[in-house]
Amino acid sequence: CIQTFAGHGDQVTSATFSGDGTSVLTASKDETTKLWSIESGACIQTFAGHGDQVTSATFSGDGTSVLTASKDETTKLWSIESGACIQTFAG
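Source: prediction; values computed, not measured.

S.K.: Got a minute to help me understand the pairing of strand S5 (residues 54-59) in this structure?
M.R.: When S5 meets strand S6 (residues 65-70), the two strands line up antiparallel, connected through five bridges. Considered in S6, the bridge of Ala-57 is made with Thr-68.

S.K.: I'm lost on the packing of aromatic side chains in this one. Help?
M.R.: Where two aromatic rings form a pair, the distance of their centres and the angle of their planes describe that pair. Evaluated as defined, the whole model comprises two aromatic pairs. Considering the side-chain rings of Phe-5 and Trp-36, the 5.7 Å spacing of their centres and the 45° angle between planes classify their relative orientation as tilted. Taken together, the residues Phe-5 in the segment before strand S1 (12-17) and Trp-36 in strand S3 (residues 32-37) connect sequence positions 31 residues apart. Judged by centre distance (5.7 Å) and plane angle (55°), the ring pair of Phe-47 and Trp-78 falls under tilted. Of the two residues, Phe-47 sits in strand S4 (residues 43-48) while Trp-78 sits in strand S7 (residues 74-79), which places them 31 residues apart along the sequence. The pair Phe-47 / Trp-78 is uniform in exposure class, with both members buried.

What counts and what doesn't
Residues numbered from 1 in each chain as written. Predicted model: local features only at pLDDT ≥ 70, side-chain atom pairs only at ≥ 80, totals over all residues. Heavy atoms only, no water. Pairing = 2+ DSSP bridges. Helix = DSSP H or I, 4+ residues; strand = E, 2+ residues; numbered from the N terminus. Phe/Tyr/Trp six-rings, centres within 6.5 Å; stacked < 30°, edge-to-face > 60°. Buried < 20%, exposed > 50% of the residue type's maximum accessible area, 1.4 Å probe, protein only.

Everything listed is a geometric property; what it means functionally is a separate question.
See below:
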């Protein structure tokens, strides 16, 4: 094991590498998504706002935002820099 990313309060449902290979994005049943530094293992950003477990998360092509999907029947677009939800897609 090279690195362990610990900090979610429930099972991790997905994990993906950033395009530049410096970070990992994890989604969890704890209703959050977390951005982790591969080098240090530290949590860089937590994206919270879904009302049910987050089932998947992915980076945008330009690496400036994150898209999450949840069992709350919404998809959210987040700013990596601020951690703020930019837009919620429902319906």
